[in-house]
Amino acid sequence: MRIKRCDIYAHVKSYEGKTDMTGFLGFIDTPIRDLRVIRLPEGRIRLKYIDSNNNIQRVDVGPDEDEEIEFPCC
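In this report, we go over the structure that sits alongside the text. What you are looking at is a predicted structure, and each value in this text was computed from that prediction instead of being measured.

## Remarks on the pairing of strand β2 (residues 33-39)
Phase 1 of the analysis: Of the pairings in the sheet, the one linking β2 to strand β3 (residues 45-50) comprises five bridges and is antiparallel in character. Looking across to β3, one finds that R39 is bridged to I45.
Phase 2 of the analysis: Between β2 and β3, which pair antiparallel and follow one another directly, the connecting turn spans five residues, one of which, E42, has a positive phi of 65°.

## Quick notes on the side chain of R5
Phase 1 of the analysis: Mapped onto the elements, R5 comes out in helix α1 (residues 5-14).
Phase 2 of the analysis: Look at R5 and you get buried, because its relative accessible area is 17%.
Phase 3 of the analysis: A polar side-chain atom of R5 sits 2.9 Å from a polar atom in the side chain of E67.
Phase 4 of the analysis: With residues near it in sequence (within four places) discarded, R5 still touches V59, D60, V61, G62, E65, E67 and I69.

## Regarding the pattern of salt bridges
Phase 1 of the analysis: The final tally for this structure, using the stated rule, is eight salt bridges.
Phase 2 of the analysis: Of the charged contacts, one joins K13 and E16 as a salt bridge, the two residues approaching to 3.2 Å between their closest N and O atoms.
Phase 3 of the analysis: In this structure, the salt-bridge partner of E16 is R39, at a minimum N-O distance of 2.7 Å. Separated by 23 residues along the polypeptide, E16 in the loop between α1 and β2 and R39 in strand β2 bring together distant segments of the chain.
Phase 4 of the analysis: Here the salt bridges do not stand alone but share partners, grouping R2, E68 and E70 into one network.

Rules behind the numbers
- Residues numbered from 1 in each chain as written.
- Predicted model: local features only at pLDDT ≥ 70, side-chain atom pairs only at ≥ 80, totals over all residues.
- Heavy atoms only, no water.
- Pairing = 2+ DSSP bridges.
- Helix = DSSP H or I, 4+ residues; strand = E, 2+ residues; numbered from the N terminus.
- Buried < 20%, exposed > 50% of the residue type's maximum accessible area, 1.4 Å probe, protein only.
- Polar contact = N/O pair within 3.5 Å; in protein donor to acceptor, adjacent residues only side chain to side chain.
- Contact = heavy atoms within 4.5 Å.
- Salt bridge = Lys/Arg side-chain N within 4 Å of Asp/Glu carboxyl O.

Geometric descriptors of this kind do not, in isolation, establish any biological role.
Written as structure tokens, this is what we have:
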């Protein structure tokens, strides 16, 4: 699935401080597991997860990044 890095960032930030995570991974159309959200310097976020092929993947996103990427990378 093609998605802009800033859209992933906005989605993750919209759940910040919430206790109900229902729908958090609803926009992802392939199975992933062990998702970790890591704060990086300069307000960026790293998503680290294991994809359907048991590969560890990392995606760094920020608020002003308009690059479109394939997510998740399978």
